[in-house]
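Observations on the model geometry
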Amino acid sequence: MRFPGGLFGAARVNLAESFDTVAAYDPGSSAGMLHIPDLSGDLYAGSLPLVDGWLSGIGAKVGARPIVFIAQNVGVLIGVEFSEEHVVRLVEMARRLYDDAVRPVSPMPYTVDEAGRLVPYRVARDHRAWREITAAESTLAAQVYGSQYEHLRAEVDLRPVPGVYPPRYRVEYHPDAEAMARLRAVAALR
């Protein structure tokens, strides 16, 4: 079977047609947030930010920069940049969803750039939400590095540098043939 625009194009069309979250988003209700739970996984709500124009449409509807969180594998949290305090509330809500998740994905906020591409949401250091956003970035990095560490530790006999977190490995010379073979074997598993 052939799909116009390929399989991913068909998936994006199906997502866009499944439900119109742009129309459902009412910034005056629910403290300016919309959480779309997807407990069954059938909605693929976590994929909505990849639909062309979806997140931009949320922002255009209210005239503010859109923010989205994929804190869990079972839903998506949407809001906009009404104020610095509102951004703090959004990041805190996403963090609670992330912390309570059976399968956490990311506590990080995302937005769109001028071309409509999904990018990390960044703020200046003097922004009220800077600390919370930086904590979310650190949490995600530690989680990713932690899982990589466990994977490397189980398949490759590398020793981390003492006292460094997240774990880092120092290589003072080119690994010998045996170490390279172990690294290639691990890379082949991915």
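Fair warning: this is a prediction, and the values are worked out from it, not measured in the lab.

A few words now on the overall build of the protein. When helices and strands are tallied, the protein shows six helices and five strands. For the protein, the proportion of its 190 residues judged to be buried stands at 34%. Considering only intrachain contacts with a sequence separation of at least 6, the fraction spanning at least 24 residues in the protein is 58%. As displayed, the protein offers around 11,800 Å² of accessible surface, 55% of which is attributable to carbon and sulfur atoms.

Among the nonpolar cores identified, the biggest contains 19 residues, and Ile36, Leu48, Trp54, Val68, Val76 and Ile78 are the most heavily contacted of them. Of all elements in the fold, only β1 (34-37), α3 (54-62), β3 (75-80) and β4 (109-112) reach the threshold of two or more residues within this core. Residues Val87, Val88, Tyr121 and Ala129 belong to the second largest nonpolar core, which totals 16 residues.

Here we come to the sheet that holds β3. Sheet architecture is open: five strands sit in the order β1-β3-β2-β4-β5, paired in antiparallel fashion. The open sheet terminates on both sides in strands that have one partner only, identified here as β1 and β5 (118-120). Adjacent strand axes in the sheet meet at a mean angle of 30° when their direction is disregarded. Bridge analysis of β1 against β3 gives four bridges, and the strand direction is antiparallel. Within the sheet, the bridge partner assigned to isoleucine 36 lies in β3 and is valine 76. Packed on one face of the sheet, α3 meets β2 (66-69), β3, β4 and β5 and runs near 135° to β2. Packed on one face of the sheet, helix α4 (residues 84-100) meets β1, β2 and β3 and runs near 170° to β3.

It is worth spelling out the pairing of β2 at this point. In β2, alternate side chains face the same way, and those of Pro66 and Val68 on one face and Ile67 and Phe69 on the other are all buried. Examined bridge by bridge, β2 and β3 share four bridges and lie antiparallel to one another. What sits directly across from isoleucine 67, in β3, is glycine 79. Following β2, the chain reverses through five residues before pairing antiparallel with β3. With two bridges joining them, β2 and β4 adopt antiparallel strand pairing. Note that in β4 the partner of phenylalanine 69 across the bridge is proline 109.

Take the side chain of serine 106 next. Looking at the secondary structure, you find serine 106 in the loop between α4 and β4. A polar side-chain atom of serine 106 sits 3.1 Å from the main-chain amide nitrogen of methionine 108. In this structure serine 106 touches Ile70, Ala71, Tyr98 and Leu140, once residues within four positions along its chain are discounted.

Once that is clear, we can look at the pattern of salt bridges. In the structure shown here, the tally under the stated rule is six salt bridges. Ionic pairing is found between glutamate 85 and arginine 128, a salt bridge with its closest N-O pair at 3.1 Å. You can see glutamate 85 sitting in helix α4 and its partner arginine 128 sitting in the loop between β5 and α5 (130-155), a full 43 residues away along the chain. Judged by its relative accessible area of 36%, glutamate 85 falls in the partly exposed class. Note that aspartate 113 is salt-bridged to arginine 117, the shortest N-O span being 3.0 Å.

About the thresholds
- Residues numbered from 1 in each chain as written.
- Predicted model: local features only at pLDDT ≥ 70, side-chain atom pairs only at ≥ 80, totals over all residues.
- Heavy atoms only, no water.
- Helix = DSSP H or I, 4+ residues; strand = E, 2+ residues; numbered from the N terminus.
- Buried < 20%, exposed > 50% of the residue type's maximum accessible area, 1.4 Å probe, protein only.
- Contact = heavy atoms within 4.5 Å.
- Areas by Shrake-Rupley, 256 points an atom, 1.4 Å probe, with all protein chains shown as cover.
- Core = buried A, V, L, I, M, F, W, Y, C linked by side-chain atoms within 4.5 Å.
- Pairing = 2+ DSSP bridges.
- Axes fitted to C-alpha atoms, helices over the stretch in contact; angles between N-to-C directions.
- Polar contact = N/O pair within 3.5 Å; in protein donor to acceptor, adjacent residues only side chain to side chain.
- Salt bridge = Lys/Arg side-chain N within 4 Å of Asp/Glu carboxyl O.

No statement about biological role is implied by the geometric values presented.
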